[in-house]
Amino acid sequence: MPLVGLGSWLSTEPELLEKAVDEALEAGYRHIDTAYNYKNEHVIGNVLKRWLDQGKIKREDIFITTKLPQIGMRPEKVEYFLRKSLFKLQLDFVNLYLVHLPFGCNYLDDETLWPTKENGEIDFDATTDLVSIWKSMEEQVDAGLTRSVGISNFNCEQIERICKNSRIQPANLQVELHVYFQQKELRQTCQSHGITVCAYGAFGSPGRKEFYKTIGMEFDSPDLLSDPVVSEIATNHGKTSAQILLRFLVQQNIVVIPKSLTPERIRANLQVFDFELTTDDVQQLEKLDRGIAGRTFLLNNYKGVTELPEYPFKNELPTVS
């Protein structure tokens, strides 16, 4: 699994994403992260097919990750949604298939990702059985539809439960992780089970502000790119703040999947292997950790989600006095 991949969340304009994937492959990216939820697998699939047909890359040279949606959180739906993703990606297998969220919604149809009840609330499934779903994930490895399986947005207890009840261990955990939210306990749990970690939101996900506006929410992204400590270290190394934020994670063998549609930034995000942060740099960046206060993806923007048995961040919710 290459340490740097191209993220694609919120990349919904086909023409822009197609150009971005082309640019990334030209720049040397060989890892692309997507998900059924992102509704862009078909765009990525078109680019991959063109590159493969032209002989510009070989299938064994690229690492593709996609994810099981919350409407597929039933054992009998795992293969169904994986095959749908493979069809859109125009691939026979993916390299990594993740359980996107540890909770599910009741299935309505293939396109309604967040089905609602008559009262307008999300139609969550409170009976999600993670172990049963994991057994179905393992079957996809057996069938050759994915080379490996993993999890996303799971907490330590959920990880331990999967590992204790698995025949095939999770290969990877994808979670929010950045200098303000370093997730050290979670990473130790993963290390104890040989699970690699992939960080999303390495820049604090500034693009979410505009997206959240479209669904009637306000969001103030932590301005990691302008943090004075990060900026000073960037100046000292002749690098950008973005490259420092990525290097901090990559240097700890944490996979990063920065999303960008800008050619210059796509190329710059890959240029993090020609320098090394000093011990002092790392210590300064480690001090920026805000613990659970640094989390920005609480996944609680849908009414009722925090009451679900498998909602992963119950211990981090603000207490009401």
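Quick caveat, the model's predicted, so the values are computed rather than measured. (Residues numbered from 1 in each chain as written. Predicted model: local features only at pLDDT ≥ 70, side-chain atom pairs only at ≥ 80, totals over all residues. Heavy atoms only, no water.)

Along the protein, the regular secondary structure elements total eleven helices and nine strands. Taking 20 Å as the expected radius of gyration for a compact globule of 321 residues, we find that the protein reaches 19 Å, a close match to that expectation. Along the longest, intermediate and shortest principal axes, the C-alpha atoms of the protein span 60 × 55 × 40 Å. Of the contacts formed within the protein by residues at least 6 apart in sequence, a portion of 72% connects residues at least 24 apart. Carbon and sulfur atoms make up 48% of the accessible area of the protein, which totals about 14,800 Å². (Helix = DSSP H or I, 4+ residues; strand = E, 2+ residues; numbered from the N terminus. Rg over C-alpha atoms; globule rule 2.2 N^0.38 Å. Contact = heavy atoms within 4.5 Å. Areas by Shrake-Rupley, 256 points an atom, 1.4 Å probe, with all protein chains shown as cover.)

Glancing now at the sheet that holds strand E9 (residues 255–256). With parallel pairing, the seven strands of this open sheet are ordered in space as E1-E2-E3-E6-E7-E8-E9. Here the strands that pair on one side only, and so sit at the sheet edges, are strand E1 (31–33) and E9. (Pairing = 2+ DSSP bridges.)

Our focus in this paragraph is the side chain of Gln174. Topologically, Gln174 is positioned in strand E7 (residues 172–176). Residues contacting Gln174, with those up to four places away along its chain left out, are Asp33, Lys67, Leu98, Ile151, Ser152, Asn153, Cys198, Tyr200 and Ile257.

All right, on to the environment of Gln182 then. Tracing the backbone through its elements, the reader meets Gln182 in the loop between E7 and helix H6 (184–192). It is 11 Å that separates the C-alpha atoms of Gln182 and Ala293, two residues lying 111 residues apart in sequence. Excluding its chain neighbours within four sequence positions, the residues that come into contact with Gln182 are Leu177, Arg187, Phe248, Leu285, Glu286, Leu288 and Asp289. Side-chain polar atoms of Gln182 contact the backbone oxygen of Leu285, separated by 3.0 Å. Within the structure, Gln182 has its side chain in polar contact with the backbone oxygen of Glu286 (distance 3.4 Å). (Polar contact = N/O pair within 3.5 Å; in protein donor to acceptor, adjacent residues only side chain to side chain.)

Attention now moves to the nonpolar core. In this structure, Tyr97, Met137, Ile159, Leu173 and Leu285 are the most contacted members of the largest nonpolar core, which totals 87 residues. With seven residues, the top contributor of residues to this core is helix H9 (residues 241–250). Once residues lying within four places of it in the same chain are set aside, the contact partners of Ile159 are Ile151, Phe154, Leu173, Leu186, Thr189, Cys190 and Ile195. Judged by nonpolar contacts, the second largest core, of five residues, contains Cys198, Tyr200, Val255 and Ile257. (Core = buried A, V, L, I, M, F, W, Y, C linked by side-chain atoms within 4.5 Å. Buried < 20%, exposed > 50% of the residue type's maximum accessible area, 1.4 Å probe, protein only.)

Among the secondary structure elements, Ser136 is positioned in helix H4 (residues 130–142). The residues contacting Ser136, other than those within four sequence positions of it, are Pro75 and Val78.

In the structure shown here, the tally under the stated rule is 16 salt bridges. For Lys49, the salt bridge identified is with Asp53, shortest N-O distance 2.6 Å. Within this pair, Lys49 and its partner Asp53 are both found in helix H2 (residues 41–53), separated by four residues, close to a single helical turn. Residue Lys49 is classed as partly exposed on the basis of its relative accessible area of 37%. For Asp53, a relative accessible area of 55% translates into the label exposed. As a salt-bridge pair, Glu79 and Arg83 come within 2.8 Å of each other at their nearest N and O atoms. (Salt bridge = Lys/Arg side-chain N within 4 Å of Asp/Glu carboxyl O.)

Next up on the list: the state of the cysteines. What the rule picks out here adds up to zero disulfides. Just so you know, Cys163 is unpaired, no disulfide at all, and the nearest cysteine sulfur is the one on Cys190, 8.0 Å from it. (Disulfide = S-S within 2.5 Å.)

A word on helix H8 (residues 228–237). Given 3.6 residues per turn, any residue in an α-helix points the same way as the ones three and four places further on. Buried within H8 we find Val230, Ile233 and Ala234. All buried residues of H8 lie within an arc of 105 degrees about the axis, which places them on one face of the element. Seen from the buried face of H8, the exposed residues on the opposite side, beyond 90 degrees, are Pro228, Thr235 and Asn236. Each element contacted by the buried residues of H8 is listed here: H9 and helix H11 (279–286). Two residues or fewer past H8, Gly238 is found with a positive phi of approximately 65 degrees. (Arc of directions from axis to C-beta.)

The computed volume of the second largest pocket comes to approximately 490 Å³. Lining the second largest pocket are 24 residues; nearest its centre among them are Asn155, Cys156, Pro312, Asn315 and Glu316. Of all the secondary structure elements, the ones that give two or more residues to the lining of the second largest pocket are helix H5 (156–164) and H6. The leading source of residues in the lining of the second largest pocket is H5, at four residues. (1 Å grid on protein atoms, 1.4 Å probe; cavity = no way out; pocket = protein on both sides within 12 Å on 5 of 7 lines; lining within 4 Å. Points joined across faces, edges and corners; volume = space filled by probe spheres on them.)

Their axes nearest at 10 Å, the elements H8 and H11 cross at an angle of 160 degrees. By the angle class used here, H8 and H11 are roughly antiparallel. As H8 runs across H11, the sense of the crossing is left-handed. Taking contact as the criterion, the partners of Val229, Val230, Ile233 and His237 in H8 are, on H11, Asp281, Gln284 and Leu285. (Axes fitted to C-alpha atoms, helices over the stretch in contact; angles between N-to-C directions. Parallel < 35°, antiparallel > 145°, perpendicular 65-115°, else oblique. Left-handed = near helix turned anticlockwise from the far one by under 90°.)

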